[in-house]
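Inside the fold
One-letter residues, chain by chain:
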Amino acid sequence: MHGLSPEMQHCIDACLTCYRTCLGMASRHCLEAGGRHVEPEHFRLMLSCAEACRASAELMLIGSAVHRHQCGACAEICAACARSCEGVGDMDACVAACRACEEACRDMAA
């Protein structure tokens, strides 16, 4: 996209991938698997992660000066979501997407 640094484009891509992965796994994988996958704390964290990632991408895309603050928060939420998904198990795609987004957002927030 015009006017975006390669680092910002990488972060946007990581955020959108994590958004799609968390929302998709929550609505398709977790709801169907049941049990620990739909425990309220875990399920809400997955939805929160998806929304934080979407918001981070949007703030970068519109050129908002506050995107660094959102990216810092997003990195923390992604880290928590990755830990939760690891604990639940059978969620490798979500863990990988969250870790990649966490790293990109930490770099963007610095």
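Residues numbered from 1 in each chain as written. Predicted model: local features only at pLDDT ≥ 70, side-chain atom pairs only at ≥ 80, totals over all residues. Heavy atoms only, no water.

Looking at an unreviewed UniProt entry, the protein chain carries the name Ferredoxin, with the source organism given as Methylorubrum populi.

Below, the discussion takes up helix H2 (residues 40–61). The end-to-end C-alpha separation of H2 is 31 Å, in line with the 32 Å expected for 22 residues at 1.5 Å each. Taken residue by residue, H2 has His42, Phe43, Met46, Cys49, Ala50, Ala52, Cys53, Ala55, Ser56, Ala57, Leu59 and Met60 as its buried positions. Looking at the buried residues of H2, the elements they touch are helix H1 (6–33), helix H3 (67–88) and helix H4 (92–109). Downstream of H2 by a residue or two, glycine 63 has a phi angle that is positive, lying close to 80°. (Helix = DSSP H or I, 4+ residues; strand = E, 2+ residues; numbered from the N terminus. Expected span 1.5 Å × (residues − 1). Buried < 20%, exposed > 50% of the residue type's maximum accessible area, 1.4 Å probe, protein only. Contact = heavy atoms within 4.5 Å.)

The next point concerns the packing of H2 against H3. One way to put it is that H2 packs onto H3 with a least axis distance of 9 Å and a crossing angle of 150°. What the angle tells us is that H2 and H3 run roughly antiparallel. Regarding H2 and H3, the two cross each other, and that crossing is left-handed. Two secondary-structure elements touch here, H2 through His42, Leu45, Met46, Ser48, Cys49, Ala52, Cys53, Ala55, Ser56, Leu59 and Met60 and H3 through His67, Gln70, Cys71, Cys74, Ile77, Cys78, Ala80, Cys81, Ser84, Cys85 and Val88. Its residues placed into classes, the contact of H2 with H3 shows 16 nonpolar, six polar and no charged. (Axes fitted to C-alpha atoms, helices over the stretch in contact; angles between N-to-C directions. Parallel < 35°, antiparallel > 145°, perpendicular 65-115°, else oblique. Left-handed = near helix turned anticlockwise from the far one by under 90°. Nonpolar A, V, L, I, M, F, W, Y, C, P; charged D, E, K, R; others polar.)

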